Number of protein chains: 2
Amino acid sequence: MNAKAKAAPKIEPLSTRQQIIEYSADMLRANGFEGFSYLDISRHLGITKASVHHHFPKKVDLGLALCDWTQDWFEQGISHFDAKATSNWNKLERYVRAAMKHSLNEQKLCPISAFYSDLNKLPDSIKERVKALDDYELDWVTQVMQDGIENNEFTANQNPRALASLFIFSCKGALYYARLHGKDLFQQTMKQFEHLIKP
Amino acid sequence: MNAKAKAAPKIEPLSTRQQIIEYSADMLRANGFEGFSYLDISRHLGITKASVHHHFPKKVDLGLALCDWTQDWFEQGISHFDAKATSNWNKLERYVRAAMKHSLNEQKLCPISAFYSDLNKLPDSIKERVKALDDYELDWVTQVMQDGIENNEFTANQNPRALASLFIFSCKGALYYARLHGKDLFQQTMKQFEHLIKP
DNA sequence: CTCAGCCTACCTACTGGTAGGTAGGCTGGT
DNA sequence: ACCAGCCTACCTACCAGTAGGTAGGCTGAG
């Protein structure tokens with residue numbers, strides 16, 4: 001009985017609620033929070049709009065669930081980078097590679113950027129969550145910079161957080177550019193950053 | 001007659017078409033291209049939606065007019081920076097100051113960023129224009145970097161375009177962040193960039 | 001007369017949402 | 001075993017307002 005239960009989770013289909021979240025996360029990252037609707041979701045999943053409302057009564061409820069989703073997604077990504085990386089720079093390389101893969105191969109933006117696109121239309125509850133997600137990401141990269149500076153992997157720097165900021169935002173911005181122009185400048189930009197911070 | 005015509009331009013009200021463009025530019029920079037409608041415009045200007053359609057039959061027509069507007073806006077900005085600046089770094093400082101003023105004081109994003117927010121929903125004709133606007137901006141900053149490198153204002157660098165990319169995208173990204181978190185990290189990020197490229 | 005610029009009235013399709021309902025499953029009391 | 005009560009999950013039908021857009025008409029300046 002217990003052995004049977006253990007084997008089952010792998011095969012179990014996603015609940016409707018989880019399907020809604022996963023699809024919404026894709027849409028968020030493709031078109032932003034205002035760029036998809038309950039009708040889109042219902043059509044994609046083959047259920048009615050009212051059923052979507054059943055699980056997420058208002059769109060802000062869905063938005064908050066997407067913030068939870070983003071937090072989990074970050075946590076998983078970061079664990080993976082921390083576990084697999086061979087150096088601090090390699091952590092950043094993995095971050096960049098993942099971001100590039102999502103953006104250029106899958107047309108999926110960073111979820112935080114996607115929320116920012118519609119910042120003026122977001123309710124305060126979502127803004128607060130986005131703010132926290134921002135800092136979650138920035139804290140991790142700041143720590144990577146700090147560690148890299150301390151072990152002399154990166155040149156001495158008095159402000160690892162500003163360095164992290166430079167890294168994250170140029171990476172994301174160059175990925176936006178790459179969507180229209182190709183990935184060449186993106187790669188050069190990341191190489192440039194490496195050149196500027198390594199001895 | 002000629003003297004009378006010369007004195008008049010200062011007092012002349014904007015044409016309805018120009019009013020539509022100006023207001024649309026504000027809306028583009030606040031909410032993105034998909035984030036405002038002909039109804040919004042008509043309500044703001046006190047005309048009907050059909051009148052807006054008269055001037056811009058389809059939204060893509062308005063979008064292209066906004067690309068023209070953005071080109072002019074860039075040209076004016078760049079002329080001003082080139083005319084007033086006391087060094088290459090000062091050109092970049094003026095760019096940053098202007099961007100910060102627009103973003104934080106007036107809640108107006110860079111129009112290019114605003115178009116990118118809705119990239120997946122833009123018709124190809126607008127995408128081509130956005131692509132050209134991107135390169136117009138990047139070309140100018142690249143030239144500033146090149147000049148700065150050549151006159152030893154900035155440290156030697158083999159790739160001024162990638163440096164320009166790092167500058168522009170980190171500036172814009174940090175301004176997004178600043179909208180939720182305040183301008184502190186934005187300023188530190190720009191200071192960090194200065195620190196990294198100056199001898 | 002012509003026509004740019006505006007209007008009213010209308011269209012289809014969509015937006016987030018509401019109200020009332022059905023169906024199937026679970027649970028605990030009898 | 002039966003079943004009332006409850007729950008979850010879905011449905012149909014509807015709401016008010018809005019999205020980009022169309023068709024036909026009026027008006028005043030040139």
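Details of the structure are given in the entry above.
One structure accompanies this document, and this report is about it. (Residues numbered from 1 in each chain as written. Chains lettered and ligands numbered in written order. Predicted model: local features only at pLDDT ≥ 70, side-chain atom pairs only at ≥ 80, totals over all residues. Heavy atoms only, no water.)

1. Things to note about the protein's contact with DNA strand C
Okay, so step 1: Taken together, 17 residues lie near DNA strand C, and K59(A), T16(B), T48(B), S51(B) and H55(B) sit nearest.
Okay, so step 2: Atoms of DNA strand C within 4 Å of the protein belong to the sugar or the phosphate in 62% of instances, the rest to bases.
Okay, so step 3: R43(A) has a polar side-chain atom sitting 3.3 Å from a phosphate oxygen of DNA strand C.
Okay, so step 4: Elements represented by at least two residues in the surface near DNA strand C include exactly α3 (38-45) and α4 (49-55) of chain A together with α4 (49-55) of chain B.
Okay, so step 5: With four residues, α4(B) is the single largest residue contributor to the surface near DNA strand C.
Okay, so step 6: Taken together, the residues of the surface near DNA strand C sort by class into six nonpolar, seven polar and four charged. (Near = heavy atom within 4 Å. Polar contact = N/O pair within 3.5 Å; in protein donor to acceptor, adjacent residues only side chain to side chain. Helix = DSSP H or I, 4+ residues; strand = E, 2+ residues; numbered from the N terminus. Nonpolar A, V, L, I, M, F, W, Y, C, P; charged D, E, K, R; others polar.)

2. Notes on the interface of chain A and chain B
Okay, so step 1: At the interface, 37 residues of chain A touch 37 residues of chain B.
Okay, so step 2: When chain A packs against chain B, close to 3,600 Å² is buried across both sides, 61% of that on carbon and sulfur atoms.
Okay, so step 3: Ranking the residues of chain A by area buried against chain B places L166(A), F169(A) and L180(A) at the top, with a combined share of 18%.
Okay, so step 4: Joining chain A to chain B, the criterion identifies zero salt bridges. (Contact = heavy atoms within 4.5 Å. Buried area = accessible area lost by both parts, 1.4 Å probe. Salt bridge = Lys/Arg side-chain N within 4 Å of Asp/Glu carboxyl O.)

3. Brief notes about the side chain of D134(A)
Okay, so step 1: The residue D134(A) is located in helix α8 (residues 124-150) in this model.
Okay, so step 2: Although D134(A) is buried, it forms no salt bridge, and the closest oppositely charged side chain is K172(A) at an N-O distance of 5.5 Å.
Okay, so step 3: Sequence-distant contacts of D134(A), that is, excluding residues within four places in its chain, are made with I112(A), Y116(A), Y177(B) and H181(B). (Buried < 20%, exposed > 50% of the residue type's maximum accessible area, 1.4 Å probe, protein only. Lys, Arg positive; Asp, Glu negative; His and termini not counted.)

4. A few points about helix α5 (residues 59-84) of chain B
Okay, so step 1: Its 26 residues place the ends of α5(B) 37 Å apart at the C-alpha level, agreeing with the 38 Å of an ideal helix rising 1.5 Å per residue.
Okay, so step 2: On the buried face of α5(B), the contacting elements are α2 (16-31), α3 (38-45), α6 (88-105), α7 (111-116) and α8 (124-150) of chain B. (Expected span 1.5 Å × (residues − 1).)

5. Describing the environment of I21(B)
Residues and elements named next belong to chain B.
Okay, so step 1: With respect to the helices and strands, I21 occurs in helix α2.
Okay, so step 2: For I21, a relative accessible area of 5% translates into the label buried.
Okay, so step 3: The sequence separation of I21 and S113 amounts to 92 residues, and the corresponding C-alpha distance is 18 Å.
Okay, so step 4: Look past the residues within four positions of I21 in its chain and what remains in contact with it is F56, A65, L66 and W69.

6. Things to note about the nonpolar core
Okay, so step 1: Judged by nonpolar contacts, the single largest core of 125 residues is most densely connected at M145(A), F167(A), M145(B) and F167(B).
Okay, so step 2: The contacts of M145(B), once residues within four sequence positions are left out, are L92(B), F154(B), P160(B), L163(B), A164(B), F167(B), F193(B) and I197(B). (Core = buried A, V, L, I, M, F, W, Y, C linked by side-chain atoms within 4.5 Å.)

7. A closer look at the protein's contact with DNA strand D
Okay, so step 1: Contacts to DNA strand D come from 17 residues, most closely from T16(A), S51(A), H55(A), K49(B) and K59(B).
Okay, so step 2: Within 4 Å of the protein, the contacting atoms of DNA strand D are 60% sugar and phosphate, with bases supplying the remainder.
Okay, so step 3: H55(A) places a side-chain nitrogen or oxygen 2.6 Å from a phosphate oxygen of DNA strand D.
Okay, so step 4: Sorting elements by how many residues they give to the surface near DNA strand D places α4(A) first, with four residues.

8. Observations regarding the relation of the copies chain A and chain B
Okay, so step 1: Between chain A and chain B, the superposition needs a rotation of 180 degrees and an axial shift of 0.0 Å, giving an RMSD of 0.0 Å. Put plainly, the chains are arranged around a two-fold axis. Taking C-alpha positions as reference, the residue of chain A nearest the rotation axis is S170(A), located at 2.2 Å.
Okay, so step 2: The fraction of interface residues of chain A whose copies in chain B are also interface residues reaches 100%, indicating that both copies meet through the same surface. (Least-squares fit on C-alpha atoms with pLDDT ≥ 70 in both.)

9. Considering the packing of aromatic side chains
Residues and elements named next belong to chain A.
Okay, so step 1: Counted by the stated rule, this structure contains 26 aromatic pairs over all chains.
Okay, so step 2: A ring pair is formed by F33 and F36, whose centres lie 6.2 Å apart and whose planes are at 80 degrees; its orientation type is edge-to-face.
Okay, so step 3: Residue F33 is classed as buried on the basis of its relative accessible area, which comes to 3%.
Okay, so step 4: When the ring of Y95 is compared with that of F167, the centres are 5.5 Å apart and the planes differ by 45 degrees; the resulting orientation is tilted. Of this pair, Y95 sits in helix α6 (residues 88-105) while F167 sits in helix α9 (residues 160-181), placing them 72 residues apart in sequence. The pair formed by Y95 and F167 is uniform in burial state, with each residue classed as buried.
Okay, so step 5: The rings of F81, W89, Y95, W140, F154, F167 and F193 are connected pair by pair, giving a single aromatic cluster.
Okay, so step 6: Just above the ring of F33 sits the side chain of K59; from NZ or CZ to the centre is 5.0 Å. (Phe/Tyr/Trp six-rings, centres within 6.5 Å; stacked < 30°, edge-to-face > 60°. Lys NZ or Arg CZ within 6 Å of the ring centre and 35° of its normal.)

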